[in-house]
Amino acid sequence: MDTQPGNDSQFYLFFRTRLGLDSATALLKRPVVVMAPLGIVSALEITFAAMFVALLIWSLANYLYLSFGNLHMHKEGEKIWEAKLRSVSLRLGYIGNICWAFLFFPVTRGSSVLPLIGLTSESSIKYHIWLGHLSNILFAAHTIGFIIYWAITNQMAEMVEWSKTWVSNVAGVIAIVIAMPMWVTSLPQFRRMKFELFFYTHHLYLLYIFFYVLHVGDAYFCMILPGIFLFLIDRYLRFLQSRQRTALLSARILPCGLLELNFSKTPGLYYNPTSILFVNVPRISKLQWHPFTVSSNCNMETYELSVVIKCQGSWSDKLYKELGSSLDRLQVSTEGPYGPTSSHFLRHECLVMVSGGSGITPFISIIREIIFQIQKPNFKVPRVIMICAFKNSADLAMLDLLLPISGAPPQISQIQLQIEAYITREEEPMTETHKPLQTIWFKPSPLDSPISATLGPNNWLWLGAIISSSFLLFLLLLGIVTRYYIYPIDHNTEQIYHFSYRALWDMFLVCVCIFIVSSVVFLWCKKQNAREGNRIQNREIATPVTSQGVSPWFSGAELESLPHQSLVQATKVHFGSRPDFKKTLLDLKESDVGVLACGPRKMRHDVAKICASGLAQNLHFESISFTL
């Protein structure tokens, strides 16, 4: 396939090709288990999960074998079973540390590791959830075991001990107390009902990490350091990027309660379809950041980046009202975009995209990517079947987003596009007049800047420089502190350097090294991005204009736009019925069919079960929604 990916994509694609990962994992990515609460699980995920569980079981068995063979009675008169209870409780904590060693990799959005195996932080968020639940179970058992042990041996005072030469028990108690509300609010039932409470409570992770490290000490901190180190670098770079105000150019308000925000971006910013962008609107909430699907194509829309927002919560409802109140400027900050490193879905002979409601938004960017790729010579266009399920006919306006706000090239007519739209709650077309489609243009501000890559076009190279430089600096400073401060206290005096202070030094030096190196590199790249941003601002129109139009789905007037004609002609609307996924998928004759699903969980699970049933070997499933 002839593509022109950005530098990051070329880097990761090269390594994945050389390693043979794409072809080797194609069959293993088929769904095997489709059930709650695990969600859609592939054979590859089951394999690695089984290997990880085997590692935990082997580690626990080995720990217990060695400890039971060399039991030490910590108290006179202590019984064998009490000593074994203490040993088991301690080793359960050790096993929880193994989970923590992997816990932060999936949530490192700008990860330098996950793309090498074809993952993004969004697609692997369920691994973070699994590891989080497992580690909390182990740490809870570790805590309860020790409480029982202290109670039966009359040592409850140990709970509040802060030992100078060994672990701090009180720090561990504080850590588990912080962990409990984080764990409870992250449960699916609670998270769906009280998302904002989950969001704010989860930010206690900083305190959790702090007291956890004080409890386990510097030795076990080094065990989880790689994941923590990469996460802190990523989190600090995201913080620096989010401090910048983003230039919001325009907004499209659709009659179905859908918004499309169009931001300015630098031409050098590259991203793939199905990427997401985190958006913050201080006028609504200074703390809340919400992820939204990027609908634009970085090749077709050189200077613009668009995201789609469905009004289905308090935050999005407030934004909808703000945009409808005749604003001429809206302050917005963004973070990202984040997404896959390649457009792998274009390799299929046929693409079936199944969506429910606003789940259509990831497919908008895929359609636009195909529109762009079709202009290249020798590009084999996949046949595209889009199955959309909407509640009401007003939601048909979402299909307008398949065409960019600036219009689309007539090449859309060359795509083998078939759209099957199902209106589930209406038996026939509604005759009432729908609200017009509204486009709002905003005044530019000198304080705003276009969205750009955090570390410039050579993001992977700069990120590698930050990781290696900050880690070497950490080792150097740690060596100096140990040799000239801690070592003299340990060996030249009768004192023993405080166990927890060593952990404090490690955490302090890690943060200092990351902050120094990341800040220097970010500011250097920011200067480079600012030059490109100034050129973009000079070309933008300074006069805001608000315009209205009628969606072709609700208008009987003759369409003058060739792209809109092609789009309407490719669409067949079914009223009062639901799609028959099984019949549609099993009737496909192509040898390689990519099946992408995004929308309600039940719909995704139904499609995944069909692909996993073995009734058709040509179906390759991929879920675009990353909730379980």
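Residues numbered from 1 in each chain as written. Predicted model: local features only at pLDDT ≥ 70, side-chain atom pairs only at ≥ 80, totals over all residues. Heavy atoms only, no water.

Identification of the chain as ferric-chelate reductase (NADH) from Gossypium tomentosum is taken from an unreviewed UniProt entry. Listed under Sequence similarities (unreviewed entry) in UniProt, the entry text for the chain is "Belongs to the ferric reductase (FRE) family." (UniProt positions renumbered as here; feature names shortened; annotations may be inferred.)

Caption draft 1: Quick look at the packing of aromatic side chains. Per the counting criterion, the structure on display carries 25 aromatic pairs. Note on Tyr94 and Tyr220: the rings are 5.3 Å apart at their centroids and 25° apart in plane angle, and the pair reads as stacked. Taken together, the positions of Tyr94 in helix H4 (residues 80–103) and Tyr220 in helix H9 (residues 205–242) put the pair 126 residues apart, joining distant regions of the chain. In this structure Tyr94 comes out as buried when scored by relative accessible area, which is 15%. Each ring, one from Trp505 and one from Phe508, has its centre 6.2 Å from the other, and the planes form 75°; the classification is edge-to-face. Highlighted residues: Trp505 and Phe508, both in helix H13 (residues 499–539), separated by 3 residues, approximately one helical turn. The class of Phe508 is partly exposed, set by a relative accessible area of 48%. One aromatic cluster is present, built from ring pairs that chain together Trp100, Phe104, Phe139, Tyr205, Tyr208, Tyr212 and Phe231. (Phe/Tyr/Trp six-rings, centres within 6.5 Å; stacked < 30°, edge-to-face > 60°. Helix = DSSP H or I, 4+ residues; strand = E, 2+ residues; numbered from the N terminus. Buried < 20%, exposed > 50% of the residue type's maximum accessible area, 1.4 Å probe, protein only.)

Caption draft 2: Region of interest: a nonpolar patch on the surface. Taken together, the side chains of Trp81, Ile144, Ile148 and Ile152 make up a nonpolar region of the molecular surface, amounting to roughly 390 Å² of accessible area. Secondary-structure assignment places Ile148 in helix H5 (residues 125–152). (Patch = residues over 30% accessible without salt bridge, like charges linked within 9 Å, V, L, I, M, F, W, Y side chains within 5 Å. Areas by Shrake-Rupley, 256 points an atom, 1.4 Å probe, with all protein chains shown as cover. Salt bridge = Lys/Arg side-chain N within 4 Å of Asp/Glu carboxyl O.)

Caption draft 3: Highlighting H4. Spanning 24 residues, H4 covers 35 Å between terminal C-alpha atoms, matching the ideal 34 Å at 1.5 Å per step. By the criterion of burial, H4 is predominantly enclosed, with 17 of the 24 residues buried. (Expected span 1.5 Å × (residues − 1).)

Caption draft 4: Spotlight on the sheet that holds strand E9 (residues 332–338). A sheet is described by the order of its strands in space; here 4 strands give the open sequence E3-E9-E6-E7, paired in antiparallel fashion. Strands with a single pairing partner mark the edges of an open sheet, and in this sheet they are strand E3 (245–246) and strand E7 (290–293). Relative to E7, strand E6 (residues 276–280) runs antiparallel, the two sharing 4 bridges. The residue of E7 that forms the bridge with Ile276 is Thr293. (Pairing = 2+ DSSP bridges.)

Caption draft 5: Highlighting the pattern of salt bridges. Taken as a whole and judged by the stated rule, the model has 13 salt bridges. A salt bridge links Arg238 to Asp234; its shortest N-O distance comes to 2.9 Å. Placement of the pair is Arg238 and Asp234 together in helix H9, with a separation of 4 residues, close to one helical turn. Accessibility assignment for this pair places Arg238 and Asp234 in one class, buried. The partner of Arg368 in a salt bridge is Glu301, with the nearest N and O atoms 3.0 Å apart. Of this pair, Arg368 sits in helix H11 (residues 361–373) while Glu301 sits in the loop between E7 and strand E8 (304–310), and the two are 67 residues apart along the sequence. Assessed through its relative accessible area of 0%, Arg368 is described here as buried.

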